[in-house]
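# Structural features, examined
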Amino acid sequence: MDKPATKLVFVVACALIDTDNRVLIAQRPEGKQLAGLWEFPGGKLEPGERPEPALIRELHEELGITVQESCLAPLTFASHAYETFHLLMPLYICRRWEGTVTGREGQPIAWVRANKLRDYPMPPADIPLISHLTDLLL
């Protein structure tokens, strides 16, 4: 018997990298799924939205920064089966943006060296992305 189709959820994420080669992560707020875990900023796409404009919008909404599409470079992606859906999440890197990074939704943020990312509890889909960032930055 075939298993019922799993809902596919497509989100985009970004590893912002500062001039000291640290990566920005943000803590998921209380009341949201996976609250308290640390993640790469980003979010869901709006209907008909391409990944890059969605990421630019999310970075502005969440962190108050302006990013140009030409400054987003795809690095890798996560494909993870959660209990009620399957997550597909491309991870972009970005080293250039305008504005000061702030947690506009009250979320704590941290600039972390790639080899210290495992010290922060993360959603299961984010964990495999760490090795790609470590390879890139160390």
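Residues numbered from 1 in each chain as written. Predicted model: local features only at pLDDT ≥ 70, side-chain atom pairs only at ≥ 80, totals over all residues. Heavy atoms only, no water.

Our next topic: the overall build of the protein chain. A tally of regular secondary structure across the protein chain gives two helices and seven strands. Start at the N end of the protein chain and walk to the C end: the helices and strands fall as β-β-β-β-α-β-β-β-α. Against the compact-globule benchmark of 14 Å for 138 residues, the protein chain has a radius of gyration of 15 Å, which places it among compact chains. Taken along the three principal axes of its C-alpha coordinates, the protein chain extends 55 × 35 × 30 Å. (Helix = DSSP H or I, 4+ residues; strand = E, 2+ residues; numbered from the N terminus. Rg over C-alpha atoms; globule rule 2.2 N^0.38 Å.)

Under the local residue numbering, the UniProt record ascribes the feature "binding site: Mg(2+)" (unreviewed entry) to Gly42 and Glu62. Spanning 21 residues, the annotated positions come together in the fold, the maximum distance between their C-alpha atoms being 7.9 Å. Here the residues from the annotation list that line the largest pocket are Gly42 and Glu62. The class of Gly42 is buried, set by a relative accessible area of 13%. Not counting the four nearest positions on each side in its chain, Gly42 is found in contact with Val12, Ala13, Leu55, Glu58 and Glu62. Tracing the chain through its elements places Glu62 in helix 1 (residues 51-63). Filtering out sequence-adjacent residues up to four positions away, Glu62 remains in contact with Pro41, Gly42, Thr102, Gly103, Arg104, Glu105 and Gln107. (UniProt positions renumbered as here; feature names shortened; annotations may be inferred. 1 Å grid on protein atoms, 1.4 Å probe; cavity = no way out; pocket = protein on both sides within 12 Å on 5 of 7 lines; lining within 4 Å. Buried < 20%, exposed > 50% of the residue type's maximum accessible area, 1.4 Å probe, protein only. Contact = heavy atoms within 4.5 Å.)

Side-chain positions along a regular strand alternate between the two faces of the sheet. For strand 1 (residues 7-16), the tally of buried residues reaches seven of ten residues, placing the bulk of the element in the interior. Looking at chain direction, strand 1 and strand 4 (residues 42-44) are connected through three bridges and run antiparallel. Bridging from a neighbouring strand, Val12 pairs with Gly43 of strand 4. (Pairing = 2+ DSSP bridges.)

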